[in-house]
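Summary of structural features
Here is what each chain is made of, one letter per residue.
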Amino acid sequence: MPPPGFIFYGAVITPKTLTCYDALPNCLLSVGASGKIHWIEKNVEADALQDTLAQKGCIDVDVVVLEPGEFLLPGFIDTHTHAPQFASLGSGQQYELLDWLNNIIFPTEAKFSDIDFARRSYKSVVRRIIDCGTTTCCYYGTLHLEATKLLADIVHSNGQRAFIGKCNMDRESPDYYVEPSVEQSIRDTKKFINHVRSISRHTDSLVQPIITPRFAISCTPELLASLGELASSNPSLHIQTHIAENVHEVALVKKLFPDAPNYTSVYDSFGLLRSNTILGHAVWLDADEVKLIAKRKAGISHCPTSNFNLTSGVANIGYYLEQGVKVGLGTDVSGGYSPSILNCIQNASIASKVVAIASTGFVNRPLPVATLLYLATLGGAEVCDIDKTVGSFEPGKSFDALLVDTRTMAGARGLWFPEEDAKGTDEQALKGLLERFLFCGDDRNISRVYVEGHFIGGKAYTRT
């Protein structure tokens, strides 16, 4: 039995299914030297602590005892965001998607041809995302090879788990921000894949490349076919793209691909719809598309903040879940105005209530706390096809975790309740504490961020 890296004792919360989670006030959790969870004892009273440790062969070990108001939570998984778009956060709020891209986003992303600008931007972006509690992030870069390689280097150096993609886009883009040919796009994509794999060579690499056709509009059939061939040559390569975010986008896809039955079938016809495909937004899907996505075991990144902010619409996530589709959450900066998955959770709750107001039936009920927690953690891991590795606390999984501090001293003014309520001395109190954190907390409540057992961020993290 290998010696533990460290042991926590106190409140632990972990998802189980879409409808239930464990809230464990007196949990003992051991993290091995490899950064993986070694063992968990769910209910250990204080007077049985030493005996339990002895039974595990842990004599004279240091135990991190959590204070009342603190608890461990699996790290948040952001299944869709744009690293270069942080430079345009809060801009262009008057636009819908296609006008917003042309007037705000494409000019901003074009700036990343300047590698010094990219370095300054990405250092800040990655640090901020980690400190918001995101342990795994799916990043869109720009079409620039060198800048996106730099993004991968910065993510790797910060110890975050991530999928990073260089955007492919060879049409329906301004002449100052478009790839000159299919051949150049594929050549640069292959170079990027090789670079990412070179910076972390072992098979358990935290940073992985992901094929990233921006969306069907910006890719010619020839480019999508070439990307499909690249994906087919390596089934382990993940794929990310946008789908059915905006009604005008859907109409333009129909015009550009007149022979396709629908938007989803465009990706499917080029071999880009499979179990490790992440589809951003998915607001305007018809029933046949939902069935096809479920059949291919692809996942949807629900981006409610962005969907509201760009007046795109409201995705019926309850229906997708009922149909067996994998769903996670995405911040979609800068369509979304916040890099925090907490903000995404709050807007996912509101979006489900908007659907409930307009509809009837069980599937259209507001999403409960258990489902919101699942989408932010284990659901996101399923969408990324890494649920055997992260997303919940189980022996053998990596310790990707947040140490949450809801005490007054954390300084988050949104959490209003008597200090006594924060002690989490029983299961119901701990569940109440989780709900308050999800709806009223912010990054000041995220004391520590761990990825594979390494302390990489959070309020208590000291920058070097």
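Residues numbered from 1 in each chain as written. Predicted model: local features only at pLDDT ≥ 70, side-chain atom pairs only at ≥ 80, totals over all residues. Heavy atoms only, no water.

It is worth spelling out the overall build of the protein chain at this point. Scanning the protein chain for helices and strands turns up 15 helices and 17 strands. Against the 2.2 N^0.38 benchmark of 23 Å for 464 residues, the protein chain shows a C-alpha radius of gyration of 22 Å, consistent with a compact globule. In the protein chain, buried positions account for 61% of the 464 residues. Contacts in the protein chain between residues at least 24 apart in sequence constitute 74% of all its contacts with a sequence separation of at least 6. Here the protein chain has roughly 18,000 Å² of accessible surface; of this, 51% comes from carbon and sulfur atoms. Computed over 41 positive and 51 negative side-chain charges, the inter-centroid distance for the protein chain is 3 Å. (Helix = DSSP H or I, 4+ residues; strand = E, 2+ residues; numbered from the N terminus. Rg over C-alpha atoms; globule rule 2.2 N^0.38 Å. Buried < 20%, exposed > 50% of the residue type's maximum accessible area, 1.4 Å probe, protein only. Contact = heavy atoms within 4.5 Å. Areas by Shrake-Rupley, 256 points an atom, 1.4 Å probe, with all protein chains shown as cover. Lys, Arg positive; Asp, Glu negative; His and termini not counted. Charge placed at Lys NZ, Arg CZ, Asp CG, Glu CD.)

Right, let's talk about the side chain of Gln 240 for a bit. Along the chain, Gln 240 falls in strand E11 (residues 238-243). On the basis of relative accessible area, Gln 240 is assigned to the buried category, the value being 1%. A polar atom in the side chain of Gln 240 sits 3.1 Å from the side chain of Thr 212. In contact with Gln 240, other than residues within four places in its own chain, are Cys 138, Tyr 139, Tyr 140, Gly 165, Ile 210, Ile 211, Thr 212, Pro 213 and Ile 278. (Polar contact = N/O pair within 3.5 Å; in protein donor to acceptor, adjacent residues only side chain to side chain.)

Formed by 109 residues in total, the largest nonpolar core has its most connected members in Phe 71, Tyr 139 and Tyr 320. The residues touching Tyr 139, leaving out its near neighbours within four places in the chain, are Thr 81, Ala 83, Val 126, Ile 129, Leu 151, Val 155, Gln 160, Ala 162, Phe 163, Ile 164, Gly 165 and Gln 240. Counting residues in each nonpolar core, the second largest holds 14 residues, with Val 12, Leu 29, Leu 72 and Phe 399 among its members. (Core = buried A, V, L, I, M, F, W, Y, C linked by side-chain atoms within 4.5 Å.)

For the rest of this paragraph, the subject is the environment of Gly 280. For Gly 280, the position within the fold is in strand E12 (residues 277-281). Sequence separation of Gly 280 and Ala 83 is 197 residues, and the distance between their C-alpha atoms is 15 Å. Ignoring anything within four residues of it in the chain, the contact list for Gly 280 reads His 80, Thr 241, His 242, Ile 243 and Ser 301.

Averaged over the protein chain, the pLDDT score is 94; the fraction of residues at 70 or greater is 95%. Confidence, expressed as mean pLDDT per element, reaches its minimum in the protein chain at strand E1 (residues 4-15) with 92 and its maximum at strand E6 (residues 76-82) with 99. (pLDDT = per-residue confidence, 0-100.)

Attention now goes to the state of the cysteines. Tallied over the entire structure, the rule returns 0 disulfides. The closest cysteine sulfur to the non-disulfide-bonded Cys 20 is located on Cys 27, 16 Å from its own sulfur. There is no disulfide at Cys 384, and the cysteine sulfur nearest it, in Cys 138, is 3.5 Å away. Residue classification places Cys 384 among the buried positions, given a relative accessible area of 0%. (Disulfide = S-S within 2.5 Å.)

Where helix H13 (residues 369-376) contacts helix H15 (residues 427-440), the two axes come as close as 11 Å, and the packing angle between them is 60°. Taken together, H13 and H15 sit at an angle that is classed as oblique. Between H13 and H15 lies a crossing of left-handed hand. Seen from H13, the contacting residues are Val 369, Leu 372 and Leu 373; seen from H15, they are Leu 434, Glu 435, Leu 438 and Phe 439. (Axes fitted to C-alpha atoms, helices over the stretch in contact; angles between N-to-C directions. Parallel < 35°, antiparallel > 145°, perpendicular 65-115°, else oblique. Left-handed = near helix turned anticlockwise from the far one by under 90°.)

Take the environment of Val 449 next. The topology assignment puts Val 449 in strand E16 (residues 446-451). When the C-alpha atoms of Val 449 and Thr 134 are compared, they prove to be 8.1 Å apart, with 315 residues separating the residues in sequence. Setting aside residues no more than four positions away along its own chain, Val 449 makes contact with Ile 130, Gly 133, Thr 135, Ala 401, Leu 402, His 454, Phe 455, Ile 456, Gly 457 and Gly 458.

Between helix H3 (residues 115-131) and helix H4 (residues 145-158), whose axes approach to 9 Å, the crossing angle comes to 35°. Crossing of H3 against H4: the hand is right-handed. Mapping the contact onto sequence places Ile 115, Ala 118, Arg 119, Tyr 122, Lys 123, Val 126, Arg 127 and Ile 130 in H3 and Glu 146, Ala 147, Leu 150, Leu 151, Ile 154, Val 155 and Asn 158 in H4. The residue makeup of the contact of H3 with H4, split by class, is 10 nonpolar, 1 polar and 4 charged. (Nonpolar A, V, L, I, M, F, W, Y, C, P; charged D, E, K, R; others polar.)

Turning our eyes to something else, we now look at the packing of aromatic side chains. This model, assessed by the stated rule, comprises 15 aromatic pairs. Plain terms: the ring middles of Phe 112 and Phe 117 are 5.0 Å apart, the flat faces sit at 70° to each other, and that makes the pair edge-to-face. (Phe/Tyr/Trp six-rings, centres within 6.5 Å; stacked < 30°, edge-to-face > 60°.)

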